[in-house]
Structures are given as C-alpha cells and as structure tokens.
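Architecture and fold: a report
For reference, the chains in residue letters:
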Amino acid sequence: MALEVAFRAHAGSFVLDVAFATDGGTTAILGPSGAGKTLTLRAIAGLLRPDGGRIAVNGRTLFDGDAGIDVPARKRRVGLVFQEYALFPHLSVADNLAYGLRGRPRDEADRAVRAMVAMLGLDGLETRRPAELSGGERQRVAVGRALAPSPDLLLLDEPFSALDAPTREALVADFASLRSRLQMPAVLVTHDVAEAYALADHLLVLDGGRVLQSGERDAVFHAPSSPAAARLLGVRNLLPGVVVSVAGGTTLIDAGGLSATVRLADAAVGTQVTLGVRAQDVIALPAPDRGDGAGTATLEREVDAGIRRTLALRLPGGAEIQAELDRDLSRKLGRTLPQRWHVQVADDTAMAWQGHSP
Amino acid sequence: MAGCAAPGPGIPEIVVGTASSLEPALRAFADSFEEEENVRITLLPGASGVIARQIEEGAPIDVFASADPAYTQRLADGGFVEPASVRSFGEGRLVVVSTFSVRGGGDWTSPLRSSEKLRYVAIANPRTAPYGAAARDALTSAGLWDALAPKIVYGESVAQVLQFVRTGNADVGLVARSLVDAGLAEGLHVADVDPSAYRPIAETAAVVSASEHPLLAQRFVDALASEPGPAAPVPS
Amino acid sequence: MDWDALRLSLQVGLTATAFSVVVGVPLAWWIARLRPGWRETASALVLVPMVLPPTVLGYYLLQAVGRRSFIGSALEDAFGFSFVFDWTGAVLAAFVVSLPFLVRTVQAGFESVDRAYEEAARTLGRGELSIFMTVAVPLAWRSVLAGVALAFGRAVGEFGATLMIAGNVPGRTRTMSIAIYEAVQTGRASEAQILALTLTLATLGLLIAVGLAARKGVPSWR
C-alpha cells in the first residue's frame, strides 16, 4: 500500500476518526466545512498528533500510537500545500521554492528550483515576492515549494478555493496533467465534487469527523453508500419512496410521482426506501396541458446559471425535485417555460437505500 | 512627598529635611519634642544636596538640617532659609567601619592598609555629601588616597556607604559616628578617624523662609541646638 | 563635559541591549508559542522587573550577585570577578530592566505571525532553530527592531538599580543618568543641562538609525 491511514485524533471537543488506504494516485477527501478534512491532512503531515492509530507512506511508518512512533513533521518527507499557501512573504519565488532544499548541494538545489520553475511555468517570476504574484501564480509556487524536495506524499488543502473561476478551471486542468507526471501519491482536500472527480482516483467522503465512504472514484461516485454520502457527492434529489415491483433483479420504485428502476437486493414490494437522483439525470419534458394534471410535475421556479438551467419541480406527491434542463430543449423553449412537466429518470442512474432518510 | 502623612486636625506639622547621617539622632529628639509641644514632626532624610535643591524648588519643608554648612550657607545666601535662624547643634565625627578586624589593633588606617582583604573602600560622594569630602580629606592626609583610588566607590550618602559594608559588598567604609551610635553598625569593626585628619563637620539647622510655621520651626531648631543630644561628640 | 559618562552610558546600554536581544528574542518566541494559560503566566513573570521599583530590583540583584551571595562569592573565588561596583554590574541592572520591554514587544510581534508559515517550514524539513532564524524573526522584524529600540532606551536611562549594584564610581560606573543626577544635586545646573541634552541627542540618533533600518526592509535569511 502506498498510503495507509487509520487514526483517531481530537481538536478541542471535535473527534476525528479516519481510515483509508490507497495503492497510489490521488485521493480526494470530500466533505462540508467542519468535516475534519484539514485536520486529516495535518495529522498525516505531522502537525496534529493523533491519539492513536497508524499512518504509513510506502511502507514507512510515520505514526504508530501503539509502537510509540511519531516521526516529526520535518522528517516525514510529506509536502503540504496550505489553503492560503503560506508562502514566505519575505522571500523571493526562487527562495520559496528552494526553502525545502537546504542541506542539499548547491547545484542540485539550483537544478531542482529550475525544474520547478519550468514545470509550473514560473519563468521570469523567480525574483518576485509573493505579494507581487497573481493568485494562480501563488498557487503554483506553493505547489512547487512542496514538490521541490521530492516528497514521498503530496497533500493539498483546498488548493483551488482561493482562486477566481477562470483561473481555477485552468489550474485544475494544469494540475490534472501535472499529476500524471508525478510518481508520489497525493491527497487533495476539497468540498467541490467536480474538482474531486476531475482530479482524483479515489474518493473519501468525510462528515462530522467520520468516513462515510471511501474507495475507487467511480465506485463511490456512482454508488454512494448512504443518502448522507450521496448528498456530499452531489446528489441533490433524495426522495422518500416505496418499492412497487420486483422483477428480474431490477426493482421499480415510486417516489411521489417519480418512477425509477434500481438494483436493490432483498427489497420486497412495499419496502420504504430513499431514492437518489442527480439533477442532471432527471429528464424533464414539457407536458401538454390536459387540465387534469395527472402524473405531471409543476414548475416552482428556475435558476438560470447561463451554462446550465435548473428547474425546481413539484411532484404530484408533494416533494420537490431539481432537474437540469436539456440544452437543446432550453434553446427551443426560450424564456417562457411551461407550467407542467413530465419527469423521468435516465436509465441506470438512480440509486436507492432502504429506509427513509431524515 | 513631604505632606504624605496628613496631621490630625489642629495639630501643626513641621517637616524636617535632614541629612541621612543625622536622621537616627534627630528621630530620638523629634519624639521627645513632639511629646513636649503639640506638634507633629516629619523627617525627610536624604542627601543634603538633594534636600537643598528641593527647598530651592519650593518643596514644603520647614527645617533644614545638614552636616555640611556649605549647603546651609548656599540656602541662606539665596534667601531660602532665614540667616538669623541658623544654629549649630553638633559636630559630626568620621569613623572607619570594616567587615574584618586587624590583628594587633593599630590605628584607624590599619583596615585600609590590609591590602589583600581589601577590594572596595566605600565613601560618600565627596561632591554631594560632607562626610564624603571629610573621608577624602582624611584619606589624603593619611597618604592613602592615591593608593586606594582604584578601590574607592561612592555611596549616595553615609547610610548607603554603611549598607555597602554591612552587606559585605564593600570591605571598608567611612561613615558618620552618629550612625554607629544609633546601633546601625552591628557586627562591624569600628575605629574613630583621627579628628586632626579632616575638618570638623558642623551640623547646622535653619528655618526655611517659606515655612508656614516659622515660630514653631524656630523653637524646634533652638531646642535642638540647646540639647547635648546624641549627635554631639561623645567626650572621651 | 563628562565624556567618560557618555562613553560608559553607550557601552552599558549597547552591551545590555545585546544581551537582551540574545536572551529576549528567543524567550519571546518561546512564550509566544506556549499554550494559553502558561503563556499568560510566563508573560507576567517576564513583566515583573518592569513593575518593580528599580530600588527593589537593585536590592534583589545585590542579594543575587552581591559579594556575599552564593553566585557572587563563587565568581569572585573562581575568577576574581564581581558585578558589584563594576561596569558589568551596570550592564546587569540595565539588562534586567530592559529585558521585559524587549520581550513584550517582540512577543506581540511573534504572536501576530500566522502559525502556518512556521508549519510550512516544518513540513519542508526545517528544525526549530532554522525556523526561528528564517521565518519567525524576519516576519516579526519590525517588532524586533521596536523591541531593541525600547530596550536600548530603557537600558541607557537605567538609574536606580544601577546606583545600588554598581554605585557611583567615576569612569567605571558613573553613567550619564548618574552624572546628571549628581549635577542636579550639587546645583551644577548648566552641566546637568548639557549632559541631559547630549544623552537625549545620542539616544535619539540611535533610535532614528534603528527606525531607518526597519524601513529598509526585512532580512531574507534562507
């Protein structure tokens, strides 16, 4: 295992209990603020002492509560990119990049700095101070500073959250290509599902200091283990429903007027379930107004974000769901939207869990 | 600083600015004077120079008592004390105090000649304290001043000089006999300096011109001068 | 003009300030990083010499290093050295009274530096001493200089405790403050004025130099 993490820690009254392991690649820790994401990184980096457990990178034990091992942060060879970067304001870009290289021969350090400058596109900025850089440049210097000493593990704490949207998109793309060239495992903290999906091989869903789910990216993304994990993975529609038929391994569920087929083991007809559907997987089509309104949803409001148009629809059963409007359809309909809609779920996209989520 | 302890209603207060060397003697006298007269005496001890300066600056002091007539003269010339009120009430004597005794006794200079035991000789600052000037004169006339110069340290007053010796930080000191008589030199070895080695130190008192109780202050000064008090030289 | 006194004042002030910096800046850093509770306690202890009357401080110093004290007699037996009536005694007194000014000022500077810088340095392989020199001190640089200026001002002005431990020995322990006191006391008003003015100008000059150094920028030790 490239990275083995299993520890308990506390900060004040907050208790953190995290366990996951990967064989390399990038792991994204996804969760709301206050979930313990940053604390997890701090514990791995050696800035927070766990109460017990074990942390190992490439078989090298960094912390083992039972064995009394606690390698100090400076000897862990773990690079950490801080949320606000924490670049040394009194040092130039080159000196920031070289900061972790002290003790190495001069020419080797110079070479490493030049390599970082080239890899991250920082040419011409070497003598600048952090205050004279743009947000994106700062982020790249922070990544370069952490990478320069060739750490065994790279940790990134919300590396894109301080950036404006265009810079952010560009840097997420840059980082994705950078990652493919780096050997060491990385752990990325984020609260943005798209960012996590774009950059990670593994996902770890954290909430309230506990791991809700962890595993290979698509397995987690497409099959959240609980409604709570689903919510953090961007599933905005979580509806109470009931099993109406079971046939040939597929189960038909009705959730107040929205029907979907899912694979759900051991579900008898009449079982209460929670149905989960992403907004982009709800297909909404204008319904001819026949006056009776049966089987159709009513438009409550719309949010037009330009790049996508989301409808809030009231199901016959009273629940509200969100649906992303198809782009072609959106263009055709123009500004004025009809009141009545047919809604259905795209094949193989619905999820369901036994019981009603609160 | 002078009027800190407020006297009771109706009881006048006399503030006496006094040289530190005179304070122990004056305190005993002040107690008996307070009993005889309905008055409160407050002693304000310090270096004569400092007290003279304070009087010149208008400090609420009624009587000036000093072991250096030069200060009294300076104040009288400046009109800060009444020239007619000046009384001499004793003659100060200089003693040598030391932390060690000299075998076989010898005269007062013996402790000052035992060079191996001697690191520091403390005297009052000759520029500001009459006993300091007297100490310097005595050491000079004994032919010791030049040899001792690197070992001489100045205290602000004889009281501090005595404290230097009592704490062992200085090995020998030259102080006023009155401090020794008041029992402040316990545990130290004391020898009288030959009176011919320095000019006598006349102790004088005078009424401050700005005093609010000039008559009472004058009575205090007169009583002090008529008293063969402990400040007066002890007949040998 | 008492050039000896001016030379001595500067010598004592600069030496004491140098010791204050060497002891006080690391001490300030240590206190700034103590846990709350301990930090307040340590701060209060450091403040003690600042609130005690100088005479009390002088008394304590005499108790601590006087010739009859344990330390004092050991030093004198071993090296023939004594703080008492010596310019080093004046340095000791000035050091003790100036240290709290330096520590308080620099500590506030350290406390205002984001801990993330220090943590970043740690993850980049640096030890505590290295972090102190390359991160903490440069980032609190203005506070360090302000602390140095305050400490120097206090050291040069030290009077009460100096008088008690070092006495008034011309050329050896008679600093400007003591010379001024003596001049006032003996009614040599014009001499006092000249001394006071000289001391004011000399100190002001040094403080301006420190201010200019602060403006010039932060050291970029790596």
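Refer to the structure presented above.
Residues numbered from 1 in each chain as written. Chains lettered and ligands numbered in written order. Predicted model: local features only at pLDDT ≥ 70, side-chain atom pairs only at ≥ 80, totals over all residues. Heavy atoms only, no water.

**Notes on the overall build of chain B**
A count of helical and extended segments in chain B gives nine helices and 10 strands. Oriented by its inertia axes, the alpha-carbon framework of chain B measures out at about 60 × 35 × 30 Å. If you take every contact in chain B between residues at least 6 apart in sequence, the share linking residues at least 24 apart comes to 75%. A total accessible area of about 10000 Å² is found for chain B, and carbon and sulfur atoms account for 52% of it. Here chain B holds 17 positive side-chain charges and 28 negative ones, and the gap between their average locations is 9 Å. (Helix = DSSP H or I, 4+ residues; strand = E, 2+ residues; numbered from the N terminus. Contact = heavy atoms within 4.5 Å. Areas by Shrake-Rupley, 256 points an atom, 1.4 Å probe, with all protein chains shown as cover. Lys, Arg positive; Asp, Glu negative; His and termini not counted. Charge placed at Lys NZ, Arg CZ, Asp CG, Glu CD.)

**Some words on the overall build of chain C**
On a plain count of helices and strands, chain C comes out with 11 helices and zero strands. Taken from N to C terminus, the helices and strands of chain C fall in the order α-α-α-α-α-α-α-α-α-α-α. When each of the 222 residues of chain C is scored for burial, the buried share is 53%. Sequence separation of 24 or more characterises 73% of the internal contacts of chain C that already satisfy a separation of 6 or more. For chain C, the accessible area works out to roughly 9900 Å², and carbon and sulfur atoms hold 68% of it. Of the charged side chains in chain C, 18 are positive and 14 negative; the average position of the first set lies 6 Å away from that of the second. (Buried < 20%, exposed > 50% of the residue type's maximum accessible area, 1.4 Å probe, protein only.)

**Considering the arrangement of the chains**
Pairwise contact counts over the two pairs of chains in contact peak for chains B and C. Separated in space, chain A and chain B share no contact, their closest pair of C-alpha atoms being 51 Å apart.

**Describing the sheet that holds strand 19 (residues 320–324) of chain A**
Residues and elements named next belong to chain A. Taken in spatial order, the five strands line up as 16-20-17-18-19 in an open sheet, and their pairing is antiparallel. At either end of the open sheet lies a strand with only one pairing partner, and these are strand 16 (282–286) and strand 19. Across the sheet, the axes of successive neighbouring strands diverge by a mean angle of 40°, strand direction being ignored. Bridging between strand 16 and strand 20 (residues 340–345) involves five bridges; their strand directions are antiparallel. Residue I283 lies in a different strand from strand 20, and its bridge partner there is Q344. (Pairing = 2+ DSSP bridges. Axes fitted to C-alpha atoms, helices over the stretch in contact; angles between N-to-C directions.)

**A short note on the interface of chain C and chain B**
With 25 residues of chain C at the contact, the number on the chain B side is 26 residues. Summed over both sides, the interface of chain C with chain B buries roughly 2100 Å², with 47% coming from carbon and sulfur. In terms of surface lost to chain B, no three residues of chain C exceed R67, F85 and Q185 of chain C, which account for 32% of the buried area on that side. Applying the counting criterion to the chain C and chain B interface returns three salt bridges. When the shortest N-O distance is used, the salt bridge between R67 of chain C and D171 of chain B registers 3.0 Å. For the pair chain C and chain B, the interface holds nine residue pairs in polar contact (both at pLDDT 80 or more). Elements that contribute at least two residues to the side of chain C that touches chain B include exactly helix 9 (160–166) and helix 10 (176–185) of chain C. (Buried area = accessible area lost by both parts, 1.4 Å probe. Salt bridge = Lys/Arg side-chain N within 4 Å of Asp/Glu carboxyl O. Polar contact = N/O pair within 3.5 Å; in protein donor to acceptor, adjacent residues only side chain to side chain.)

**Describing the nonpolar core**
The biggest cluster of nonpolar side chains holds 131 residues, and the ones touching the most others in it are L139 of chain B together with F110 of chain C. Ranked by the residues each element gives to this core, the list is headed by helix 5 (residues 87–111) of chain C, at 13 residues. In contact with F110 of chain C, not counting residues within four places along its chain, are V25, A28, W29, A32, F132, A136, V137 and A140 of chain C. A28, V113, A186 and L203 of chain A belong to the second largest nonpolar core, which has 46 residues in total. (Core = buried A, V, L, I, M, F, W, Y, C linked by side-chain atoms within 4.5 Å.)

**Regarding the interface of chain C and chain A**
Facing the 22 residues of chain C at the interface are 22 residues of chain A. A buried area of about 1900 Å², summed over both sides, lies between chain C and chain A, and 64% of it is on carbon and sulfur atoms. Linking chain C with chain A are one salt bridge. Connecting chain C to chain A are six residue pairs in polar contact (both at pLDDT 80 or more). For the side of chain C that touches chain A, the elements supplying multiple residues, two or more each, are helix 6 (115–123) and helix 7 (128–139) of chain C. When residues of the side of chain C that touches chain A are assigned to their parent elements, the largest contribution, seven residues, is made by helix 6 of chain C.

**A closer look at the packing of aromatic side chains**
In this structure the tally under the stated criterion is 15 aromatic pairs over all chains. A ring pair is formed by F29 of chain B and F33 of chain B, whose centres lie 6.1 Å apart and whose planes are at 25°; its orientation type is stacked. Of this pair, F29 of chain B and F33 of chain B both sit in helix 1 (residues 23–36), four residues apart, which is roughly one turn of the helix. The class for F29 of chain B is buried, based on a relative accessible area of 9%. The interplanar angle of 45° and the centroid separation of 5.2 Å between the aromatic rings of W29 of chain C and F132 of chain C together place this pair among those described as tilted. Of the two residues, W29 of chain C sits in helix 1 (residues 3–32) while F132 of chain C sits in helix 7, which places them 103 residues apart along the sequence. (Phe/Tyr/Trp six-rings, centres within 6.5 Å; stacked < 30°, edge-to-face > 60°.)

**Re the sheet that holds strand 14 (residues 258–262) of chain A**
All names here are of chain A. Taken in spatial order, the five strands make up an open sheet running 14-13-12-15-21, and their pairing is antiparallel. At either margin of the open sheet sits one strand with a lone partner, and together these are strand 14 and strand 21 (351–354). Averaged over all pairs of adjacent strands, the angle between their axes in this sheet comes to 40°, without regard to strand direction. In the sheet, strand 12 (residues 237–247) pairs with strand 13 (residues 250–255) via five bridges, with the strands oriented antiparallel. Across the sheet, V242 pairs through a bridge with D254, a residue of strand 13.

**Comments concerning helix 8 (residues 141–157) of chain C**
Residues and elements named next belong to chain C. An ideal rise of 1.5 Å per residue puts 24 Å on 17 residues; helix 8 measures up with 24 Å between its terminal C-alpha atoms. Where helix 8 is concerned, the buried positions are W141, V144, L145, G147, V148, A149, A151, F152, A155 and V156. Where helix 8 is buried, its residues contact helix 1, helix 5, helix 7, helix 10 and helix 11 (189–216). (Expected span 1.5 Å × (residues − 1).)

**What to know about a nonpolar patch on the surface**
Residue and element names in this part refer to chain C. A cluster of nonpolar side chains, contributed by L197, L201, L204, I208 and L212, occupies part of the molecular surface with about 500 Å² of accessible area. Relative to the assigned elements, L201 resides in helix 11. Overall, the relative accessible area of 52% leaves L201 in the exposed class. (Patch = residues over 30% accessible without salt bridge, like charges linked within 9 Å, V, L, I, M, F, W, Y side chains within 5 Å.)

**What about the pattern of salt bridges?**
Applying the stated rule across the entire model yields 46 salt bridges over all chains. Among the ionic pairs, D70 of chain A bridges to R49 of chain A, the shortest N-O distance being 2.9 Å. Here the residue D70 of chain A occupies a position in strand 6 (residues 69–70), and R49 of chain A occupies one in the loop between helix 1 (37–45) and strand 4 (52–57), the gap between them amounting to 21 residues. Overall, the relative accessible area of 30% leaves D70 of chain A in the partly exposed class. Judged by relative accessible area, which is 59%, R49 of chain A ranks as exposed. By sharing partners, the salt bridges in this structure join R127 of chain B together with R174, E182, R188 and E191 of chain C into a single network.

**Some points on the environment of E128 of chain C**
All names here are of chain C. Its place among the elements puts E128 in helix 7. Residues E128 and L150, 22 residues apart in the sequence, show an inter-C-alpha distance of 27 Å. Setting aside residues no more than four positions away along its own chain, E128 makes contact with W29, R33 and R122. Only 3.3 Å separates the side chain of E128 from the side chain of R122, close enough to count as a polar contact.

**Some thoughts on the packing of helix 1 of chain C against helix 7 of chain C**
All names here are of chain C. The N-to-C vectors of helix 1 and helix 7 enclose an angle of 95°; their axes lie 12 Å apart at closest approach. Comparing the axis directions of helix 1 and helix 7 gives the class roughly perpendicular. Residues V25, P26 and W29 of helix 1 form the contact with helix 7, whose participating residues are E128, I131, F132, A136 and V137. For the contact of helix 1 with helix 7, the residue count by class is seven nonpolar, no polar and one charged. (Parallel < 35°, antiparallel > 145°, perpendicular 65-115°, else oblique. Nonpolar A, V, L, I, M, F, W, Y, C, P; charged D, E, K, R; others polar.)

**Some details on unusual backbone geometry**
Residues and elements named next belong to chain A. The phi torsion at R77 lies on the positive side, around 55°, for a residue other than glycine. The partly exposed category is assigned to R77, whose relative accessible area is 45%. For A86, which is not a glycine, the phi torsion comes out positive at approximately 50°. Looking at where A86 falls in the secondary structure, it is placed in the loop between strand 7 (78–81) and helix 2 (93–98). Residue A86 is classed as buried on the basis of its relative accessible area of 7%.

**Focus: the side chain of T173 of chain C**
Along the chain, T173 of chain C falls in the loop between helix 9 and helix 10. A relative accessible area of 0% places T173 of chain C in the buried class.

Note that all results are geometric; they support no functional claim without further evidence.
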